[in-house]
Amino acid sequence: MKLILPARLPFSLASVIHSHGWIRLDPFREEESTGGLAYIAQLDSGQVTELHIQEVPGGVSVTFDGDLSDEECAEIERSVTWMLGLDQDFSAFYQLARHELRLASAEQRAQGRILRSPTLFEDVIKTILTTNTLWGATIRMNNNLVAQFGSPLLADPPRRAFPSPARLAETNEETLRTQTRLGYRAPYILELARELSSGELDLEALKTAGLPTPDLRKRLLAIKGIGDYAAANLLMLLGHYDFVPVDSWALKMVSQEWYGGESVGRAEVEAAFEPWGAYKGLAYWLWDWSQEG
DNA sequence: GGTAGACCTGGACGC
DNA sequence: GCGTCCAGGTCTACC
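Throughout, a residue's number is its position along its own chain's written sequence, starting from 1. Here every chain gets a letter starting at A, and every ligand a number starting at 1, in the order they are written. Restriction of local features to residues with pLDDT of at least 70 applies here, the model being predicted, together with a cutoff of 80 or more for giving and counting side-chain atom pairs; totals for whole chains, interfaces and linings are based on all residues. Side-chain calculation: all heavy atoms of the structure are included, whereas hydrogens and water are not.

Student: Looking at this structure, how should I read the protein's contact with DNA strand C?
Tutor: Only heavy atoms are used to decide nearness, and a residue is near a molecule or strand if one of them lies within 4 Å of it. Around DNA strand C lies a shell of 15 residues, among which Asn 132, Gly 225, Gly 227, Ala 230 and Asp 247 are the nearest. What you see for DNA strand C is that sugar and phosphate hold 62% of its atoms within 4 Å of the protein. Asp 228 places a main-chain nitrogen or oxygen 3.4 Å from a phosphate oxygen of DNA strand C. One of the backbone nitrogen or oxygen atoms of Tyr 229 is found 3.1 Å away from a phosphate oxygen of DNA strand C. The way it works is that DSSP assigns letters per residue, a run of H or I at least four long becomes a helix, a run of E at least two long becomes a strand, and they are numbered from the N terminus. Looking at which element gives the most residues to the surface near DNA strand C, the answer is helix α10 (residues 228-237), with three residues. Side-chain atoms alone can form a polar contact between residues adjacent in sequence; in general such a contact is a pair of N or O atoms within 3.5 Å, and within protein one must be able to donate a hydrogen while the other accepts it.

And the structure:
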């Protein structure tokens, strides 16, 4: 089956795919032969299907196997629209970026959209897996989670969807620590899965709650394992760019760019992007560090 | 509000 | 092959 979904222009699927490292985490996959993106989705009905997404004039096409119901197709449409931010509008940011050499090509490249998972649950877990570790370990932990707890794709069972909260809630901390190799993150992820599974917490509601950034940030910081960096990262995924996700790389780049290599802290990074106001996180994200200032 | 130390893994390095 | 050190954010206890 095939769906055609429109995107607000300018749009570039390649820009979304390469917006950050999510494309390298299961169940995402880059389809290099087509320049497209594949994602193994588990629908609300339980059906597992692989979505193949390619850019077409004015938007994207989404193809998938199986004879799915209208309801399932509508769910795929909602998910892909969210994942790629098809309806996001960056015109105000582009207007500001035109006056900054380091961001001048953002509009031409249609940058701004950041690849998201269909659920905030998946993005929160992936974000926790990026903290206090190296990228290689993030990939390993995430892929272990998918391989051990994800529902299999019928046509290719070794490949799996991202595990649901309910499936993760059934496991235990010891398994997550020793077999999935999550280390000290195991209790955080288990607690989150159990809170979602029991209905105690409705994470997905945060996508559409329309909360102001400080309130949204407070809700994210209440999740164990989410600190300043992770909250800023998730706020960006939710379309709020008021905070810079300050990690060791940000400290290094700001130190080199504005402080002659002298050691800097979080305050200096925030200060460097302060002029960008509500877009400071996005300005940091898209900043072209390779350009001469 | 700020700070120190613990948390855990895997890669790099020296022996 | 083994032991040690280090990088990477967040949490908790303490001041």
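Student: Can you help me understand the packing of helix α4 (residues 120-130) against helix α8 (residues 186-198) in this one?
Tutor: How two helices sit against one another is set out by the angle between their axes and by the gap between those axes. Two elements in contact, α4 and α8, have axes separated by 11 Å at closest approach and are oriented at 170 degrees. In this view, α4 runs roughly antiparallel relative to α8, as classed from their interaxial angle. Here α4 contributes Phe 121, Val 124, Ile 125, Ile 128 and Leu 129 to the contact with α8, which in turn contributes Ile 189, Leu 192, Ala 193 and Leu 196. Throughout this entry, Asp, Glu, Lys and Arg are counted as charged residues, while Ala, Val, Leu, Ile, Met, Phe, Trp, Tyr, Cys and Pro are counted as nonpolar. The remaining residues, Gly among them, count as polar. The residue makeup of the contact of α4 with α8, split by class, is nine nonpolar, no polar and no charged. Note on definitions: angles span 0 to 180 degrees between N-to-C directions of axes, and those axes are lines fitted to C-alpha atoms, for helices only across the stretch in contact. Working rule for angles: under 35 degrees goes down as roughly parallel, over 145 as roughly antiparallel, 65 to 115 as roughly perpendicular, anything else as oblique. The contact rule is simple, with two residues in contact once any of their heavy atoms fall within 4.5 Å.

Student: What's the story with α10 in this structure? I'm lost.
Tutor: For an α-helix the count is 3.6 residues per turn, leaving residues at separations of three or four pointing the same way. Relative accessible area decides the class of each residue, using a 1.4 Å probe on protein chains only: under 20% of the type maximum gives buried, over 50% gives exposed, and in between gives partly exposed. Counting buried residues along α10, eight of its 10 residues qualify, which places the element largely inside the surrounding structure. Listed in full, the buried residues belonging to α10 are Ala 230, Ala 231, Ala 232, Asn 233, Leu 234, Leu 235, Met 236 and Leu 237. Looking at the buried residues of α10, the elements they touch are α2 (70-84), α4, α9 (213-221) and α13 (280-286). Following α10 by one or two positions, Gly 239 adopts a phi angle in the positive range, close to 90 degrees.

Student: Explain the nonpolar core to me, please; I cannot follow it from the model alone.
Tutor: Think of a nonpolar core as a cluster: buried Ala, Val, Leu, Ile, Met, Phe, Trp, Tyr and Cys residues, connected wherever their side-chain atoms sit within 4.5 Å. Within the largest apolar cluster, 88 residues are counted, with the highest numbers of intra-cluster contacts made by Val 62, Leu 84 and Phe 93. Excluding its chain neighbours within four sequence positions, the residues that come into contact with Leu 84 are Phe 11, Leu 13, Val 16, Leu 37, Ile 53, Val 60, Arg 113 and Leu 115.

Student: Before we go on, may I ask you to explain the pattern of salt bridges in this structure?
Tutor: As a working rule, side chains carrying opposite charge can pair if their charged atoms are close by. Salt bridges are identified by distance alone: a Lys or Arg side-chain nitrogen within 4 Å of an Asp or Glu carboxyl oxygen. What the rule picks out here adds up to 13 salt bridges. A salt bridge links Arg 159 to Glu 50; its shortest N-O distance comes to 2.6 Å. Taken together, the positions of Arg 159 in strand β7 (residues 156-160) and Glu 50 in strand β4 (residues 48-56) put the pair 109 residues apart, joining distant regions of the chain. Each member of the pair, Arg 159 together with Glu 50, is buried.

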